[in-house]
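# Chains, contacts and geometry: an overview
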Amino acid sequence: MNRKLLCLMLFIQLLFLAACGEKEIKVPLEDVGMVGIIAFDYIDKDSMKLTVAIPQYSPEAQRSTQTFTVVTDLVSNGIVEIEKLSDKKIVFNQLRVVLFNEEFARQGNVRKVIQHLYRNAEVGNKVLIAIVKENGEEMLKYNYPDKPNINFYLNDLLQPSINTAFNPNTNIHDFMYTITNPVFDPIIPFIDKNSDKIEIKGIAVFKGNQMFELINPKEALIIQAIQGRKNLAPLDITMEQGHGKEKLLIDLVENDVHLKSNKSMTSPKLTISIEIKGTLSEYKGERENDLFTTESLAELEKDVNKELEQDSKAFLDKLNGWQVDPSGLSEYFRMYHYGKWTTEKKREIVSKVAIDVHVKTSIISTGTLK
């Protein structure tokens, strides 16, 4: 019995020593291609075009970015094909941005790709996503004169910023959260090439797995306000509230929001109360020379309230007509619902909810008025 136990222990030790003796095969850094951006373009229901952009750090490289494009049916197969074209091992540890062209998104293919990347241990959760109007490959291969590296250019452009009024839920983690949550519909920045620049043209709203419609950055700001974002991008307001056409910019905006529902599933009603504080940075209109008293500013605040209430109500009614809910308004009915909450229930609620919006604006100071 002791001999058998001794033999077993020796056998285990030999296995352990053999495992420790195996050396890990390390790939030199100069032989690794770290993908910074990956783009997907729709071809047909069975194939797609996959393009990767890899930064080149060698001083001998003629271009700062190396790109490869293949046609494939699966993401994994495409990566294998790209490795055949490249002289380096392709890795995704430094992936920053994922692009999809509009047709790819409207065909409902974004979720499958993001799920694949989300499960890849090399890919970080904060990788940003954007929809390209026409062609992702062309966007990556275009030569931007004052932006030598497309990898850093796109990453910096898509970073959530107080001056870019799009919802910050644009990384792969937040996309997966919203698309699998029966309360939300995902939204993703929509970009396009304008001459030698790339611009955020709008926000793509999803309905289910498919890109459904576009909204503009000002409308996206309403989503941010309703979701309770404390600091908002500057409010650029054009209004006609009895004093002719007026344009004003309210900067350094602080936001506070409260939502209350009537808890009814048959006749749903929702009251949204928004309080904003900010600096009147700029004004153009007939009241230009009158905005130096408490009374005149109070009158302007009332008119701003009316304008924002009208704009917000019109935008939310439009979303309800589309039966999409990027703001998560249906959550204020789900919390009072007994039983399982489904996407179909969300669509039913938002299609018939009556929304009342109240805005209270406080102009705490004035900047340069003209």
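Computed from a predicted model, the values in this text were never measured in an experiment.

Parameters at a glance
Residues numbered from 1 in each chain as written. Predicted model: local features only at pLDDT ≥ 70, side-chain atom pairs only at ≥ 80, totals over all residues. Heavy atoms only, no water. Salt bridge = Lys/Arg side-chain N within 4 Å of Asp/Glu carboxyl O. Helix = DSSP H or I, 4+ residues; strand = E, 2+ residues; numbered from the N terminus. Buried < 20%, exposed > 50% of the residue type's maximum accessible area, 1.4 Å probe, protein only. Arc of directions from axis to C-beta. Contact = heavy atoms within 4.5 Å. Pairing = 2+ DSSP bridges. Axes fitted to C-alpha atoms, helices over the stretch in contact; angles between N-to-C directions. Core = buried A, V, L, I, M, F, W, Y, C linked by side-chain atoms within 4.5 Å. Phe/Tyr/Trp six-rings, centres within 6.5 Å; stacked < 30°, edge-to-face > 60°. Lys NZ or Arg CZ within 6 Å of the ring centre and 35° of its normal. Polar contact = N/O pair within 3.5 Å; in protein donor to acceptor, adjacent residues only side chain to side chain. pLDDT = per-residue confidence, 0-100. Parallel < 35°, antiparallel > 145°, perpendicular 65-115°, else oblique. Left-handed = near helix turned anticlockwise from the far one by under 90°. Nonpolar A, V, L, I, M, F, W, Y, C, P; charged D, E, K, R; others polar.

### Details of the pattern of salt bridges
All told, the structure shown has 17 salt bridges when counted by the stated rule. In this structure, the salt-bridge partner of Arg106 is Glu102, at a minimum N-O distance of 2.9 Å. Pair noted here: Arg106 and Glu102 are both in helix α3 (residues 102–106), with a separation of four residues, about one helical turn. Given a relative accessible area of 16%, Glu102 falls into the buried group. Here the salt bridges do not stand alone but share partners, grouping Lys49, Glu137 and Lys141 into one network.

### Focus on helix α11 (residues 343–352)
Those residues of α11 not exposed but buried are Lys346, Arg347, Ile349 and Val350. End-on view of α11: buried residues confined to an arc of 165°, all on one side of the axis. At its buried positions, α11 is contacted by β9 (197–207), α9 (294–322) and α10 (331–334).

### Here we look at the sheet that holds strand β6 (residues 97–101)
On the basis of which strands lie adjacent, the open sheet formed by eight strands has the order β4-β3-β2-β6-β7-β8-β9-β10 and mixed pairing. Only two strands of the sheet have a single partner each, and these edge strands are β4 (65–72) and β10 (210–215). Looking at each pair of strands side by side, their axes are set apart by 30° on average, direction ignored. Where helix α8 (residues 217–226) meets the sheet, it contacts β8 (187–194), β9 and β10, and its direction lies at approximately 105° from that of β10.

### Re the nonpolar core
General note: in soluble globular proteins, nonpolar side chains tend to be found buried as a group. Counting 48 residues, the largest nonpolar core has Ile272, Leu280 and Leu316 as the members making the most contacts within it. Elements supplying a minimum of two residues to this core: β9, α8, β12 (235–239), β13 (246–261), β14 (269–284), α9 and β15 (354–366). Counting residues per element, this core draws most heavily on α9, at eight residues. Val35, Val98, Phe100 and Ala204 belong to the second largest nonpolar core, which has 36 residues in total.

### A closer look at the packing of aromatic side chains
Counted under the stated rule, the structure contains eight aromatic pairs. Relative to Phe100, the ring of Phe40 lies with its centre 5.4 Å away and its plane at 15°, an arrangement referred to as stacked. Of the two residues, Phe40 is situated in strand β2 (residues 37–44) and Phe100 in strand β6; the sequence distance between them amounts to 60 residues. As far as the burial class goes, Phe40 and Phe100 line up, both buried. Taking 5.5 Å as the distance between ring centres and 25° as the angle between the ring planes, the aromatic pair formed by Phe100 and Phe104 counts as stacked. Like Phe104, Phe100 is buried. Just above the ring of Tyr142 sits the side chain of Lys193; from NZ or CZ to the centre is 4.0 Å. Geometry around Phe212 places Lys207 over its ring, the cationic atom sitting 5.1 Å from the centre.

### Concerning the environment of Asp185
Topologically, Asp185 is positioned in the loop between α7 (172–179) and β8. Apart from residues no more than four positions distant in its own chain, Asp185 is found in contact with Phe206, Lys207, Gly208, Gln323, Val324, Asp325, Pro326, Lys346 and Arg347. Separated by 3.2 Å, the side chains of Asp185 and Lys346 make a polar contact. Separated by 3.0 Å, the side chains of Asp185 and Arg347 make a polar contact.

### A closer look at the pairing of β6
Consecutive side chains of a regular strand alternate in pointing toward one face of the sheet and then the other. Within β6, five of the five residues are buried, leaving the element largely enclosed by the surrounding structure. Strand direction decides the pairing type here: β6 and strand β7 (residues 128–132), joined by five bridges, are parallel. Within β7, the position partnered with Asn101 by the bridge is Val132.

### Let's talk about the side chain of Thr65
Here Thr65 shows up in strand β4. Thr65 sits in the buried class, given a relative accessible area of 13%. In this view, Thr65 contacts Ala53, Ile54, Pro55, Gln56, Pro148, Asn149, Ile150 and Asn151; residues no more than four positions away in its chain are not counted.

### A word on the confidence of the model for the protein chain
With 87% of its residues at a pLDDT of at least 70, the protein chain reaches an overall mean of 88. Note on residues 21–25: pLDDT under 50 across the span, and zero contacts to partners over four residues away in sequence or across chains.

### Observations regarding the packing of helix α4 (residues 110–118) against α7
Put simply, α4 and α7 touch, their axes get as near as 10 Å, and they point 125° apart. As summarised for this structure, α4 and α7 are arranged oblique, according to the angle between their axes. Between α4 and α7 lies a crossing whose hand is left-handed. Residues Val110, Arg111, Ile114, Gln115 and Tyr118 of α4 touch α7, and the partners they reach there are Ile172, His173, Phe175, Met176 and Ile179. Taken together, the residues of the contact of α4 with α7 break down into seven nonpolar, two polar and one charged.

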